[in-house]
Amino acid sequence: MRTFDIVIIGSGIAGGFLARQLRLARPDLGVLVLEAAGAMEDYKVGESTVEVAANYMVRRLNLGTYLYQHQLPKNGLRFFFDGPGKDLPLPRMSEIGSDHMPFHPSFQLERARLERDLVAMNRAAGAEVELGAKVVDLAIDGGGRHKVVYEQGGERREVACRWVCDASGRRHVLLRKLGVKVHKETRLNTAAAWGRYRGVAGLDAVTDAAWRSRARYTSRHLSTNHFMYDGYWIWFIPLAGDLMSVGVVFDKDRIGEGNAPAGALPGPRTRADFERFLGAHRAARELLEGAELEDFQAYAHLPYHADRYFSTDRYAVTGEAGAFTDPFYSPGSDFIATANEFITQMILADVGGDRSGFEERVAAYDAYYRFKYDSTLRLYERMYPVFGSFELYRLKYLLDFNNYYNLVVWPFMADRVTDVGWIREELRFTDLVLRALSTMGDHFASLASDLRARGEYFAQNEGRFANGLNGVVQLETRLGPSIDERFRREQVDRAYGSVFAALVERRLAERGLSDRARLVAELKLPQVLTFRDITPDRLARLLERIGERMTKDLRAEFPDAGVERVDLGAGGQVSVTGPAVGTEVHGAVLSRARSLWDASAGSLAHVAL
């Protein structure tokens, strides 16, 4: 019987990346990859990568040259918003997107080609990769060697190993064998249908001069393009060669089900449904004119999670073998990068004889991975009804993108994400983070309902452009190997305060409220979490508190003026009680009070590049 240090089940990007990482980290480790497919030819969804995965591929896997030579660089995430009739031409749609390539690279992956190339790379690096090798049985022995049985070419073969790592995707080979529960997620009820088209001219073929110039002629084609609707979104993702990945992700509670709004399109389940669905949207229909649909796939339900991902019995799962949330924001490859980092560190600690360090890592990593799943899921929970409004989604994206760069990308780039001490500290704030995500989700969902009832949901969906980098430009020169924890905390407060102030302004129709420095300063994350509802009464109490602070400041600045109270009212009104009205001192104090109240917060909701 042949013996290996690690057996990896599956040679998709999760398993292929893990094999490469292990061989680069410890070339003496014996790695066997068992892939059920006889050839790496299957079209797989999940082409879009974002910054964590890109950093992992370039920095950890040394794939930068390969990616630029054989895959496509990505021009960030881009979002388009349609009218209620789904009939706006593309140049008139409101848009969120960059006007230049983002400062951190990411890529669009043609998965089948990448996975074929990984087989060759891993074999050249000394890993054994067996194709057409279907795992049919395995036995985990926490005190000895595991056994893995596979069939290949009509023969049954068995190998022994110290570690088993499952990258088999939705087959869940290892967890099913061990009886570890894989749960169908109920908090997010989404499904998807997708295919690849050949002959799509692409977004850069649109010749409208004003539309092209507003993004400074940057390539929209290279972006992950989202067409945003109430309850669903449509993606257009370019692939190397003459291929375009096009898909629909929809909330089954919003479209195609019994409780869907009147007139809602049914969610596409078949190839014919898919083509009809896309054809009902003018922009998608015009982009696909003359193109040929090459293949089609669908999932009836997307999100799921497992009870356990890593074990001191020396097994682990990575990628979709363990969990999946939603393709919005393209987090799948980020989950792979994080899991593979964890698995590599656990294996290195184990084979290095550091038993206590190994056990600590397993416990910390498993807890953090479960937290990562839960926090990511809450980005999407109840948010599909928000997606179709440019006005609403612009604010959500500001918050989400800032938090992603600050709280996710930066620690990964600084190698903190595998530091057990850092993880333990992060996990202390699990409840706070999850509560913040849920609280903001509630506020976005409530405002979406309000705007829909007022007939204002689509009010800003035509002719507007927001630079998607507005919320992270301040992080461009900060991200790197050193972390500034004070700056990170300030950014969290600034992001939540800026966005929440804008939500209050819109919910209560208080124009000019959201960029007032005094108000945003009062809305740090802990204060935001005290707002269960946004009501005139809650705003009045907030303004009263700000008025009390301004009163103290004015008393210090004008000690002989007899300032008793500063009152802040609707529409930016400011009044001062104490100095006699009409006197010079009253005028001076009132003028200063107004200047304090009118001072700009530099709110992220108002930043413009």
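Refer to the structure printed above.
Residues numbered from 1 in each chain as written. Predicted model: local features only at pLDDT ≥ 70, side-chain atom pairs only at ≥ 80, totals over all residues. Heavy atoms only, no water.

Student: Quick one: what's the story with the side chain of Asn461, residue by residue and with numbers?
Tutor: Looking at the element boundaries, Asn461 is found in the loop between α13 (430-454) and β20 (465-467). Within the structure, the side chain of Asn461 is placed 2.7 Å from the backbone oxygen of Asp82, a separation counted as a polar contact. Side-chain polar atoms of Asn461 contact the backbone nitrogen of Phe390, separated by 2.9 Å. Excluding anything up to four places from it in sequence, Asn461 contacts Phe81, Asp82, Leu88, Arg92, Met93, Ser94, Gly388, Ser389 and Phe390. (Helix = DSSP H or I, 4+ residues; strand = E, 2+ residues; numbered from the N terminus. Polar contact = N/O pair within 3.5 Å; in protein donor to acceptor, adjacent residues only side chain to side chain. Contact = heavy atoms within 4.5 Å.)

Student: Mind laying out the nonpolar core, listing which residues take part and the relevant values?
Tutor: Grouped together as the largest cluster of nonpolar side chains are 174 residues, with contacts concentrated most on Ile8, Phe17, Phe79, Phe310, Met346, Tyr393 and Leu519. For this core, the leading source of residues is helix α11 (residues 390-413), giving 14 residues. Those residues in contact with Phe310 that sit more than four places away from it in its chain are Tyr315, Ala316, Val317, Ala339, Phe342, Ile343, Met346, Val362, Tyr365, Asp366 and Tyr369. Membership of the second largest hydrophobic core comes to 30 residues, among which are Ala191, Val246, Val248 and Leu278. (Core = buried A, V, L, I, M, F, W, Y, C linked by side-chain atoms within 4.5 Å. Buried < 20%, exposed > 50% of the residue type's maximum accessible area, 1.4 Å probe, protein only.)

Student: Which residues make up the packing of aromatic side chains, and what are the values?
Tutor: A complete count under the given rule lists 42 aromatic pairs for this structure. A ring pair is formed by Tyr232 and Phe277, whose centres lie 5.0 Å apart and whose planes are at 75°; its orientation type is edge-to-face. Within this pair, whereas Tyr232 is found in strand β14 (residues 232-239), its partner Phe277 is found in helix α7 (residues 271-279), the two being separated by 45 residues in sequence. Neither residue differs from the other here; Tyr232 and Phe277 are each classed as buried. Here Arg170 stacks its cationic end above the ring of Tyr299, 4.1 Å away from the centre of that ring. One Lys or Arg, Arg170, reaches over the ring of Phe324 and ends 5.5 Å from the middle of that ring. (Phe/Tyr/Trp six-rings, centres within 6.5 Å; stacked < 30°, edge-to-face > 60°. Lys NZ or Arg CZ within 6 Å of the ring centre and 35° of its normal.)

Student: Just give me the short version of the sheet that holds strand β5 (residues 94-97), but keep the residues and values in it.
Tutor: What the 8 strands build is an open sheet, ordered β16-β12-β15-β14-β13-β4-β5-β20; its pairing is mixed. Where the open sheet ends on each side, the last strands, each with one partner, are β16 (292-299) and β20. Ignoring strand direction, the axes of neighbouring strands in this sheet form an average angle of 15°. Bridge count for β5 against β20 is 3 bridges, and the pairing is parallel. (Pairing = 2+ DSSP bridges. Axes fitted to C-alpha atoms, helices over the stretch in contact; angles between N-to-C directions.)

Student: Account for helix α17 (residues 536-557), naming residues and giving values.
Tutor: Between its first and last C-alpha, α17 extends 31 Å over 22 residues, near the 32 Å set by a 1.5 Å rise per residue. The set of residues buried in α17 consists of Arg538, Leu539, Leu542, Leu543, Ile546, Gly547, Met550, Thr551 and Leu554. Lining the buried residues of α17 we find α14 (485-508), α15 (517-521), β21 (565-568) and α18 (584-598). (Expected span 1.5 Å × (residues − 1).)

Student: Break down the side chain of Asp166 for me, citing the residues and quoting the values.
Tutor: Within the secondary structure, Asp166 is located in strand β10 (residues 155-166). We note that Asp166 is buried and unpaired, the nearest opposite charge coming from Arg171 at a distance of 6.3 Å. Excluding anything up to four places from it in sequence, Asp166 contacts Ile9, His172, Val173, Leu174, Leu175, Ala316, Val317, Thr318 and Ala321. (Lys, Arg positive; Asp, Glu negative; His and termini not counted. Salt bridge = Lys/Arg side-chain N within 4 Å of Asp/Glu carboxyl O.)

Student: So what about the pairing of β14? Which residues, and what values?
Tutor: With 8 of its 8 residues buried, β14 lies for the most part within the structure. A two-sided burial pattern is seen for β14, the buried positions comprising Tyr232, Ile234, Phe236 and Pro238 on one face and Trp233, Trp235, Ile237 and Leu239 on the other. Linkage of strand β13 (residues 224-229) to β14, two consecutive antiparallel strands, is achieved through a turn of 2 residues, within which Gly231 is found at a positive phi near 100°. Here β14 folds back onto strand β15 (residues 243-251), and the loop between the two strands holds 3 residues, one of which, Gly241, carries a positive phi near 90°.

Student: Describe helix α1 (residues 13-25), with residues and values.
Tutor: Over its 13 residues, α1 runs 18 Å from end to end, which matches the ideal 18 Å to within 8%, given 1.5 Å per residue. Residues of α1 that are buried include every one of Ile13, Ala14, Gly15, Gly16, Phe17, Leu18, Ala19, Arg20, Gln21, Leu22 and Arg23, and no others.

Student: Can you break down the environment of Ala53 residue by residue, with the values?
Tutor: Mapped onto the elements of the fold, Ala53 is located in helix α2 (residues 51-60). Here Ala53 falls in the buried class, since its relative accessible area comes to 3%. As a C-alpha pair, Ala53 and Phe335 span 282 residues in sequence and 8.1 Å in three-dimensional space. Sequence-distant contacts of Ala53, that is, excluding residues within four places in its chain, are made with Ser333, Asp334 and Ala337.

Student: Could you give an account of the packing of helix α9 (residues 332-351) against helix α10 (residues 355-380), naming the residues involved and the relevant values?
Tutor: Between α9 and α10, the least distance of the axes is 9 Å, while the angle of their chain directions is 170°. The orientation of α9 with respect to α10, classified from their angle, is roughly antiparallel. Of the residues in α10, those in contact with Asp334, Phe335, Thr338, Ala339, Phe342, Gln345, Met346, Ala349 and Asp350 of α9 are Phe358, Arg361, Val362, Tyr365, Tyr368, Tyr369, Lys372, Tyr373 and Thr376. Class assignment for the residues of the contact of α9 with α10 results in 11 nonpolar, 3 polar and 4 charged. (Parallel < 35°, antiparallel > 145°, perpendicular 65-115°, else oblique. Nonpolar A, V, L, I, M, F, W, Y, C, P; charged D, E, K, R; others polar.)

Student: Residue-level account of the pattern of salt bridges, with values.
Tutor: What the rule picks out here adds up to 50 salt bridges. With a closest N to O distance of 3.6 Å, Arg454 and Glu456 form a salt bridge. Arg454 sits in the partly exposed class, given a relative accessible area of 37%. Residue class for Glu456 comes out partly exposed when judged on its relative accessible area of 26%.

Student: Can you break down the packing of α2 against α11 residue by residue, with the values?
Tutor: Across the interface, α2 lies against α11 with an axial gap of 9 Å and an inter-helix angle of 25°. Regarding the angle of α2 to α11, the classification is roughly parallel. Once α2 is placed against α11, the crossing between them reads as right-handed. Where α2 approaches α11, its residues Glu51, Val52, Asn55, Tyr56 and Arg59 are matched on the opposing element by Phe401, Tyr404, Tyr405, Val408, Val409, Phe412 and Met413. Considering only residue class, the contact of α2 with α11 consists of 9 nonpolar, 1 polar and 2 charged. (Left-handed = near helix turned anticlockwise from the far one by under 90°.)

Student: An account of the environment of Met1 is requested, with residue identities and associated values reported.
Tutor: As for its placement among the helices and strands, Met1 is situated in the segment before β1 (2-9). The spatial distance from the C-alpha of Met1 to the C-alpha of Leu188 is 45 Å, given a sequence separation of 187 residues. Among all residues touching Met1, those that are not within four sequence positions of it are Lys147, Glu158, Val159 and Ala160.

Student: Pulling in residues and values, what's your account of the pairing of strand β4 (residues 77-81)?
Tutor: Most of β4 is tucked away: 5 of the 5 residues are buried. Burial along β4 is two-sided: Leu77, Phe79 and Phe81 and Arg78 and Phe80, pointing in opposite directions, are all buried. Bridging between β4 and β13 involves 5 bridges; their strand directions are parallel. Across the sheet, Arg78 pairs through a bridge with Asn225, a residue of β13. As paired elements, β4 and β5 share 3 bridges and run antiparallel to each other. Across the sheet, the residue bridging to Phe79 is Ile96, located in β5.

Student: Can you explain unusual backbone geometry? Please cite residues and give values.
Tutor: A positive phi angle, near 65°, is found at Tyr217, a position not held by glycine. Position of Tyr217 among the secondary structure elements: in the loop between α6 (209-214) and β13. For Arg314, which is not glycine, the phi torsion reads 70° and is therefore positive. Among the secondary structure elements, Arg314 is positioned in the loop between β18 (310-311) and β19 (315-317). Residue Arg314 is classed as buried on the basis of its relative accessible area, which comes to 3%.

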